[in-house]
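# Chains, contacts and geometry: an overview
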Amino acid sequence: MKKKKYYVSLIMVFLYQISFLYMYLSEQLVQYNSLGATIYWITAGFSGILFGIFIPYKKNLGLFANIFSAIILLIGVGMVCLLVIAFMITSM
């Protein structure tokens, strides 16, 4: 039963990241105010990083969970890098 919680949390974080990427790529993110969009961006990125690091080391869930958490980790790192690049461009 405990393993199901970890799988469900991985899937929820992945879907949260995909929803953010959809909003970002379809340019619907500009409808939010600046603070709301930044918080959405940061939480999507860092939740992916945290779950991508935490899940493989917390429980031995198998190869699928490890690969899936690595994918979530890479997407999260990419989101945080995009945020840093966006901040650097807008501060010029």
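Residues numbered from 1 in each chain as written. Predicted model: local features only at pLDDT ≥ 70, side-chain atom pairs only at ≥ 80, totals over all residues. Heavy atoms only, no water.

When its secondary structure is counted, the chain shows three helices and zero strands. Expressed as lengths along the three principal axes of its C-alpha atoms, the size of the chain is roughly 45 × 20 × 20 Å. Residues counted as buried form 30% of the 92 residues belonging to the chain. Looking at the chain alone, contacts between residues at least 24 apart form 74% of all its contacts between residues at least 6 apart. Roughly 6,300 Å² of accessible area belongs to the chain as shown, and the carbon and sulfur atoms make up 75% of that amount. (Helix = DSSP H or I, 4+ residues; strand = E, 2+ residues; numbered from the N terminus. Buried < 20%, exposed > 50% of the residue type's maximum accessible area, 1.4 Å probe, protein only. Contact = heavy atoms within 4.5 Å. Areas by Shrake-Rupley, 256 points an atom, 1.4 Å probe, with all protein chains shown as cover.)

Attention now moves to helix H2 (residues 34-58). With 25 residues, H2 extends 35 Å from end C-alpha to end C-alpha; this agrees with the ideal 36 Å at 1.5 Å per step. The elements touched by buried residues of H2 are helix H1 (2-25) and helix H3 (63-90). (Expected span 1.5 Å × (residues − 1).)

What follows is about the side chain of Ser69. Turning to its location among the elements, Ser69 is positioned in helix H3. Not counting the four nearest positions on each side in its chain, Ser69 is found in contact with Leu10, Phe51, Gly52, Ile55 and Pro56.

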